[in-house]
Amino acid sequence: MDRMEELGFRSETDRQIFREAAAPVELSPFGLHSGMFVPTLERQGTPEQSRKWVPLGKSFKMIGTYAQTELGHGTFIRGLETTATFDPETQEFILDSPTLSSIKYWPGNVAKTVNHCLVMAQLYTQGKCHGTHLFLVQVRNMEDHTIMPGLEIGDIGPKLGFDGVDNGFMRFNKYRIPRMNMLMRYAKVLENGDYIKPKNAKLTYGAMVMIRVFIVMDAFKTLSRAAVIAVRYSAVRRQSELRPGGEEAQVMDYQTQQYKLFPLLATSYAFLLAAEGMSQIYAKISSDIERGNLEDMPQLHALACGLKAFCTWVACEGIEVCRMSCGGHGYSHASGIPKIYANIVGACTYEGENTVMMLQTARYLSKCYIRGQRGESLPELIQYLTTDLNVKSTLGEDCSFESLVAAYSHRAARMVAVACKLQQTNKKKGMAGHDAWNKSTVPFIAATKAHCHLFIVRNFVTILSQKKIDPATHNVLSQLCTLYAVYGIVENMGEFMQDGYFNQDQVSILNRKVLALLEDIRPNAVALVDAFDYPDHLLQSCLGRYDGQVYEALYEYSKSSPLNNTDIHSSYYNYIRPMMQKRSESKNISAKL
Ligand SMILES: CCCCCCCCCCCCCCC/C=C/C(=O)SCCNC(=O)CCNC(=O)[C@H](O)C(C)(C)COP(=O)(O)OP(=O)(O)OC[C@H]1O[C@@H](n2cnc3c(N)ncnc32)[C@H](O)[C@@H]1OP(=O)(O)O
Ligand SMILES: Cc1cc2nc3c(=O)[nH]c(=O)nc-3n(C[C@H](O)[C@H](O)[C@H](O)COP(=O)(O)OP(=O)(O)OC[C@H]3O[C@@H](n4cnc5c(N)ncnc54)[C@H](O)[C@@H]3O)c2cc1C
């Protein structure tokens, strides 16, 4: 914190970049404080509450996290069981964990780090439940950091990754907080206990929408770091003879290695631009919401849910491909890739489990489809739903951006229509609405993935057509954009071909184009990863280091293994030698027998 002051970092973005540079892979123990706790106080507190608490948070006089998930509920927020019951006599809320399943479980940094939490609890006043609301709760003594009386707090134990975060559990036993500790920007409880409801109950979900937007950028950061490591290593690693009797080839010259890595390189660029686009949309709509204009809230929710799920799923699969493309050394922590994976794969679960998030977007698409069928106007990002599905592709040898975007629009429109028609057919068969929905959710997930894929392709194309970029760079970025789109079609050909949108010749064109693009990109592959400009200390990789001195780095890394602190390990004296002595004694005995 002081260091950031010294360096004059004023903007939250600069501060975040500094924090990530300081803790490049594990999330900092203060990540949730800065990324979720403070911004939520700013956005969900009244002006008075913000003025009081935000400076304390920004100066780390108050360190907090976001405590919503319970043992029994993470996804279904309306099912949360922690209660906050208003006591008008004392002007306090009484927080309680009435059941085992209501114990808060997973909140990051709650175990040992924070002294405050934003707690999501069911609000009760005048004997009535008004649903979940956020409350600022002090959980540790500000003098000696001991746990406040009435609370049980602890760590939940080892996890797959996320080792920099002390995820914990927290149990309330009739724990009292002041009335004014309820975040009251949108909903209020008056001194007499009257409840003033918000314009939209989902405004209290705003913190999650914000983090989902951040996570889209995290998907870019983690995938691109793995791609940097794998591409640089593929340029250094020589293995096997490409030409019989010739020197061993750079593994990057194998077409299969290019087919593994270059689409992921293209995806990294596509996700960077998508994350920036998502952030711009979030900034605009969230400021509208703060001014009371909630019109675009559903669109923001749907886009944030869909992109968070789509990008984290693709990034995690891609990081695994990068690891495997580095052979045995990729499996070592020396590569840096396992830690990248272990710390981002949780993003497919946290801040909204991906399937559930995709279904939120699907629900929005279903409603928009019906509006489109009625001829109602649709938001620009959704207008493709009214695409004429009888039209066939005009794709030619050049695989133009226009023909590619048209293909993705057609695919998404067709798949949304298929899912919606199944839902409608289910209803016509007499199914209740919720059953008709549930029995069409698998096609809806596929359609929503196509919807997100379209957003990313169209966004990439739009930026290339709008931004002023020097011709040489524009040419290389156009190759990446085309590769991202063509590869996506080739890998999902069935979804594009199901209604004969492409003819056989066009399928052949696409299969040839994806291989030709690998050759086009090969000369620039290392420059394209260097362009991300990740310093070695951030990559923490012997394979991806800028100077390419991989084997020297691996050898030094191995020598630093703690197991090498002694030549003979204590396990020899404790287990191996006694076992061998026992064997030799028994052998002597059997020899005598
Ligand atoms: C520059 C600064 C940078 C700083 C960067 C900081 C870095 C940070 C990086 C990230 C680090 C992250 C570390 C991990 C931290 C993890 C934290 C957590 O995991 S916190 C807990 C997260 N939990 C969840 O996300 C729970 C998921 N569940 C839900 O969101 C909801 O239960 C649901 C949306 C799935 C369902 O909600 P429900 O109330 O049941 O609504 P319905 O489904 O019935 O829908 C009714 C209606 O409401 C609309 N809706 C729902 N949610 C929203 C919303 N958020 N906004 C707007 N509208 C919403 C929904 O669309 C429906 O609308 P309708 O018109 O009726 O169809
Ligand atoms: C690394 C990490 C950090 C976290 N940090 C925090 C934190 O700081 N604060 C916090 O409050 N929480 C935190 N969490 C908890 C996280 O938010 C929840 O785990 C997440 O919201 C998923 O909820 P769940 O665990 O109940 O999963 P569940 O919803 O129980 O998922 C189980 C399965 O049920 C399926 N499912 C559930 N509902 C539906 C549905 N309606 N339709 C179809 N399928 C469905 C899911 O798709 C999934 O396959 C963290 C979790 C992790 C892993």
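Keep in mind that this is a model prediction, so the values were computed, not measured.

Conventions we followed
- Residues numbered from 1 in each chain as written.
- Chains lettered and ligands numbered in written order.
- Predicted model: local features only at pLDDT ≥ 70, side-chain atom pairs only at ≥ 80, totals over all residues.
- Heavy atoms only, no water.
- Helix = DSSP H or I, 4+ residues; strand = E, 2+ residues; numbered from the N terminus.
- Buried < 20%, exposed > 50% of the residue type's maximum accessible area, 1.4 Å probe, protein only.
- Lys, Arg positive; Asp, Glu negative; His and termini not counted.
- Charge placed at Lys NZ, Arg CZ, Asp CG, Glu CD.
- Axes fitted to C-alpha atoms, helices over the stretch in contact; angles between N-to-C directions.
- Parallel < 35°, antiparallel > 145°, perpendicular 65-115°, else oblique.
- Left-handed = near helix turned anticlockwise from the far one by under 90°.
- Contact = heavy atoms within 4.5 Å.
- Nonpolar A, V, L, I, M, F, W, Y, C, P; charged D, E, K, R; others polar.
- Near = heavy atom within 4 Å.
- Polar contact = N/O pair within 3.5 Å; in protein donor to acceptor, adjacent residues only side chain to side chain.
- Areas by Shrake-Rupley, 256 points an atom, 1.4 Å probe, with all protein chains shown as cover.
- Salt bridge = Lys/Arg side-chain N within 4 Å of Asp/Glu carboxyl O.
- UniProt positions renumbered as here; feature names shortened; annotations may be inferred.
- Domains from an automatic or database assignment.
- Buried area = accessible area lost by both parts, 1.4 Å probe.

### Regarding the overall build of the protein
Looking only at helices and strands, the protein features 20 helices and 13 strands. When the backbone C-alpha atoms are referred to their principal axes, the protein occupies close to 90 × 85 × 65 Å. Within the protein, the fraction of its 593 residues that count as buried is 50%. Averaging the locations of the 63 positively and 59 negatively charged side chains of the protein gives two centres separated by 5 Å.

### Let's talk about the packing of helix α5 (residues 206-236) against helix α7 (residues 297-324)
When two helices pack together, their arrangement is captured by the angle between the axes and the distance separating the axes. Where α5 meets α7, the axes come as close as 8 Å, and the angle between the chain directions of the two elements is 20°. With respect to each other, α5 and α7 are oriented roughly parallel. Considering the relative orientation of α5 and α7, their crossing is left-handed. Counted together, Val 209, Arg 212, Val 213, Ile 215, Val 216, Ala 219, Thr 222, Leu 223, Ala 226, Ala 227 and Ala 230 of α5 and Leu 300, His 301, Ala 304, Cys 305, Leu 307, Lys 308, Cys 311, Thr 312, Ala 315, Gly 318, Ile 319 and Cys 322 of α7 form the full contact between these two elements. Broken down by class, the residue content of the contact of α5 with α7 amounts to 17 nonpolar, 4 polar and 2 charged.

### Examining the site of ligand 2
The environment of ligand 2 is made up of 18 residues, and the closest members are Tyr 66, Thr 69, Thr 75, Gly 108 and Glu 353. Contact distances for ligand 2 include 2.9 Å between a nitrogen atom and a backbone N or O atom of Tyr 66. In this structure, Gly 108 approaches ligand 2 through a main-chain N or O atom, which is 2.9 Å from an oxygen atom. When isolated, ligand 2 has an accessible area of 970 Å², and the protein chains bury 63% of it. Among the elements that make up the shell around ligand 2, the one with the highest residue count is helix α10 (residues 354-373) (3 residues).

### So, the pattern of salt bridges
Going through the model one piece at a time under the given rule, you end up with 20 salt bridges. The partner of Arg 238 in a salt bridge is Glu 247, and the shortest N-O contact between them spans 3.8 Å. Look at Glu 247 and you get exposed, because its relative accessible area is 61%. Here the salt bridges share partners, and the residues they tie into one network are Asp 87, Glu 92 and Arg 176.

### Thoughts on the UniProt feature "binding site: FAD" (unreviewed entry) in the protein
UniProt feature "binding site: FAD" (unreviewed entry): in the numbering of this structure it lies at Thr 69 and Gly 108. For the annotated residues, spread through 40 residues, the largest C-alpha to C-alpha distance comes to 10.3 Å, consistent with a single compact locus. Within the secondary structure, Thr 69 sits in the loop between β1 (64-67) and β2 (83-87). On the accessibility criterion, Thr 69 (24% relative accessible area) is partly exposed. Excluding anything up to four places from it in sequence, Thr 69 contacts Gly 74, Ile 103, Lys 104, Tyr 105, Trp 106 and Pro 107.

### Let's talk about the domain arrangement of the protein
The domains assigned to the protein are domain 1 (2-198) and domain 2 (208-377 + 398-528). For domain 1 and domain 2, the distance between their C-alpha centroids amounts to 33 Å. Listed by partner, the interface residues are 19 residues for domain 1 and 19 residues for domain 2. With both chains or domains summed, domain 1 and domain 2 bury close to 1500 Å², and 57% of this area falls on carbon and sulfur atoms.

### As for the site of ligand 1
Neighbouring ligand 1 are 32 residues; Thr 75, Lys 202, Tyr 205, Arg 212 and Arg 363 lie closest to it. Backbone polar atom of Gly 352 to an oxygen atom of ligand 1: 3.0 Å apart, as the coordinates give it. Here ligand 1 loses 83% of its free accessible area of 1400 Å² to cover by the protein chains. Breaking the shell around ligand 1 down by element, the ones donating at least two residues are α2 (12-22), α3 (31-44), α5, α7 and α10. For the shell around ligand 1, the class distribution of residues is 14 nonpolar, 10 polar and 8 charged. Looking at the shell around ligand 1, you find at least three residues from each of domain 1 (2-198) and domain 2 (208-377 + 398-528).

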